[in-house]
Amino acid sequence: MNKIFRHSFAVLNTAFLLLFTTQIFAQKISVRDLTVEHLVNPFSIDNPKPRFSWKINSDIKNTKQNNYEIRLGTSAKIDRVLWKATVNNDQSVLVAYNGPALSSKTRYYWQVRVKDNHGNTSAWSPVQYFQTGLKPEDWSAKWISVEGRDTAMASPLFRKEITLKKEIKSAVAYITAKGLYEAHINGTRVGNAYFAPGWTSYKDHIQYQVYDIKKSLKKGGNVIGVSLGDGWYKGRIGFANQKQFYGDTRALLLQLEVEYNDGSKETFITDNSWKTAYGPIRSSNIYDGETYDARLEIAGWNTYGFKENASWKPVQEIASGPEKLIGMSGPQVSKHEEFKALKIFKTPLGETVVDFGQNLVGWVMLKAKGAAGTKISISHAEVLTKEGNFYTTNLRSAKQQNNYILKGETEQVFEPHFSFQGFRYVKIEGYPGELKLENLTAVAVYSDMKTSGKFSTSNALLNQLQHNISWGQKGNFVDVPTDCPQRDERLGWTGDAQAFATTAAYNMDVSGFFTKWLKDVSADQLPSGSVPFVVPNVLNQSDAGSAGWADVATIIPWDMYIAYGDKGILETQYGSMKKWVDYITSVSKNNLWNTGSHFGDWLFYRPNDDNDGRAAVTDKYMIAQTFYAHSTQLLLNAAKVLGKADDVAKYTTLLEQIKAAYIKENMTPSGKLISNTQTAYVLALQFDMLPENLRAQAAQRLVDNVRDYGNHLTTGFLGTPYLCHVLSRFGHESVAYDLLMQESYPSWLYPVKMGATTIWERWDGIKQDGSFQTADMNSFNHYAYGAIGDWMYKNIAGINPVADQPGYKSVVIAPRPGGKLTAASAELETVYGTVKSSWTIAEGLFKLDVTIPPNASATVVLPKSDKKEQIGSGSYHFEYKY
Ligand code: BGC
């Protein structure tokens, strides 16, 4: 029965508030979205006490979990229960396994049921599973490589025929590589991941992937075929044209474990019985693209019974290195949206160019047929010049070019295997016959993160900004959070990642993505405690320790804890967080971090003409001191959560000293900062550097500065994420909106007005006269300035986490309308379920619809009202005169 009734009726000043509730009297509650370690039915769990999460479905208002029952076994029916627990509490997120020790390489099945506070019990959930990974001693496979030195640019193919003696019950393949691999069983591609095994701090650890391949195998003869590419391991990486950073030899490690129906087992491994030959991929490289010669395809090489000719050579076994093999803890990279070609045209320079309408990361799938030996080249660019020509100078040395050489006969669809490109436009050369729109499809390739957030407003430009932010994220979350996806860089710049992390966690579920990357942050942290500029670190060891970059070590673990309620991430990263703060202390004098080189407020606004006395240069050591405080504060927060009383005491004292030193060094007695910039005031206020009585005047100085620039921002990478937050916090909401709605340079909407479909690296990547900023640093897909997304979700839509109830167990819904918006709406899929906040202003009425998931609660703070409502789960409607 569906019933809507008026829940309460309240008078607010002169306006009045109507509060409705939608209540559906469902029969039952149920559980959904079961995960283990943030993942659905994962295959390589290394945590000896994996953590289980579930969400509750209930249409009954104010639903909480009172009790859960969980059970686990080794069969899909869970007939022999290995562990069960019945617990009276409301924990439904990351409940740790607490049974007998789990075996490696074993599949465990589990299910859960819950009781709510209304006396309802759910049915048992459908059975879910997870599989444990391999222990080091479980590996019997040998690393194999081509014979002799691995000097060829072409991709080697490896093959091995195996015979399965009986009908099989299960078959699992464990695969990894030094380089990148693509595996086939009996001619069928294994899985749909790209760039496996992913990019990690390879010198410390390499991930392996686990595939259930039972369906691809049959009793009798089977064949395994794998090709390898250079990837990040051996190929060109880093802007110094460096190659072979991790090693000069591509290698494959594969172990196939089969269980027959009669219970007997057999293992097949890579060893010196495999054979290798070179295939059609003549070269491949992350930056430069791939060259594929279809004439060199070896028909049938990955099918059983293929006759190996003399080009197939023995492989060599190579010794394993010191690196650990770990199961994959983040999402795989795979194909997502496809884009049709919108337009094929000739540029003024006479080149044939195709427009896909969206700056994206991935590649173009090209259909072609022509005479054998015909070479088609596809070059990629993000933008056209103002004259309309294809522009690649901003790619620096990255060629971003795929070449396909036709073999004649039939039509083929080409796509690269071990390279990706950042582009909106492609230039096609050598296409035989007429190039038609339908022969080209662009495919976006990025880490499999579920979309968790939706955000829209009544303002089309703002909606395009949100679109650009989310495409900036997709393009740069290709296994590692990168600065940019197109030029000869594409590195895990730590400053960019920390600036964008909270926004990222609104748009998509990045729990697994950052869990994986934080392992690299720890692994690449220097013995001194300093943190590299980029992770995985492919720069020099001394390229580390920049304020606002290295602080990623404290910032992202805390952000993930807040977004997903993952205390485990704080436990795992605590050592790294502490080492970073202790490092700063070790290089500080008198509690002042005034040593080292820093990027500062990177790419802040620089007016051409400084005659007016304007400049947005913020003293770098002043910035450093605020991040010293911020990191110490986050460490302190983590110490509290983890119950580390000694550290709480120690870092509380340190934090006071850091702030005192900041004031002594950087502030006049009347509260003026030595750098009179937006970023200076923003960081001082955001990180509570100033005594309470001096904060309002500092906020006013910030407002004056914004006004002085005609409602323009002047902040760079470090000030921008907090600019509007600080203005809102100190009561200057309308100034925050003035900045957000600003359409002229410098502003968030200027690129939107200039036709951007992603976030630009610079406020003026394309200048007002249509010319470009300096080509050596002008990416059109850089997410850092997209960090405004965090403010948009929190302030416009009003969805806020609460630090002491992380994971949105408790939510503050506090929309703050402004900027002439008449409507805004956002949705966030949290670990408890869907939170919604959606409002309109029309005909003098403010209307707000809020949804809070079961097992969570919220405080609703209504705008232009002193009213706060405490609500439990359910859907609520508020409206009042506004
Ligand atoms: C990158 C940035 C990065 C910066 C450090 C640039 O080359 O693209 O985004 O944070 O260097 O200063």
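Before reading on, note that the structure itself is shown above.
Notes on the structure in this doc start here. Nothing here was measured: the structure is a model prediction, and the numbers come from that model.

1. What to know about the overall build of the chain
On a plain count of helices and strands, the chain comes out with 14 helices and 45 strands. For the chain, whose C-alpha radius of gyration is 28 Å, the value lies close to the compact-globule estimate of 29 Å for 882 residues. If you line up the chain on its principal axes, its C-alpha atoms span 85 × 70 × 60 Å. Among the 882 residues that make up the chain, the fraction classed as buried is 63%. When contacts within the chain are restricted to residue pairs at least 6 apart in sequence, long-range pairs at least 24 apart make up 73% of them. For the chain, the accessible surface area stands at approximately 32,700 Å², while carbon and sulfur atoms represent 49% of it. In the chain, 94 side chains carry a positive charge and 87 a negative one; their mean positions are 4 Å apart.

2. With respect to helix α8 (residues 645-666)
The end-to-end C-alpha separation of α8 is 31 Å, in line with the 32 Å expected for 22 residues at 1.5 Å each. Every buried residue belonging to α8 is among Asp 647, Val 648, Tyr 651, Leu 654, Leu 655, Ile 658, Lys 659, Ala 661, Tyr 662 and Asn 666, and all of these are buried. In a view along the axis of α8, the buried residues occupy a sector of 160°, so they form one face of it. Projecting away from the buried face of α8 at angles above 90 degrees are the exposed residues Ala 645, Asp 646, Glu 656 and Lys 664.

3. Remarks on the site of the ligand
Taken together, Asp 483, Arg 487, Glu 489, Trp 493, Asp 496, Trp 549, Phe 599, Trp 602, Phe 717, Glu 761 and His 782 make up the full set of residues adjacent to the ligand. Measuring from an oxygen atom of the ligand, one finds a side-chain N or O atom of Asp 483 at 2.7 Å. Residue His 782 places a side-chain N or O atom 2.9 Å away from an oxygen atom belonging to the ligand. Out of a free accessible area of 310 Å², the ligand has 96% covered by protein chains. In terms of residue class, the shell around the ligand is made up of five nonpolar, one polar and five charged.

The rules behind the values
- Residues numbered from 1 in each chain as written.
- Predicted model: local features only at pLDDT ≥ 70, side-chain atom pairs only at ≥ 80, totals over all residues.
- Heavy atoms only, no water.
- Helix = DSSP H or I, 4+ residues; strand = E, 2+ residues; numbered from the N terminus.
- Rg over C-alpha atoms; globule rule 2.2 N^0.38 Å.
- Buried < 20%, exposed > 50% of the residue type's maximum accessible area, 1.4 Å probe, protein only.
- Contact = heavy atoms within 4.5 Å.
- Areas by Shrake-Rupley, 256 points an atom, 1.4 Å probe, with all protein chains shown as cover.
- Lys, Arg positive; Asp, Glu negative; His and termini not counted.
- Charge placed at Lys NZ, Arg CZ, Asp CG, Glu CD.
- Expected span 1.5 Å × (residues − 1).
- Arc of directions from axis to C-beta.
- Near = heavy atom within 4 Å.
- Polar contact = N/O pair within 3.5 Å; in protein donor to acceptor, adjacent residues only side chain to side chain.
- Nonpolar A, V, L, I, M, F, W, Y, C, P; charged D, E, K, R; others polar.

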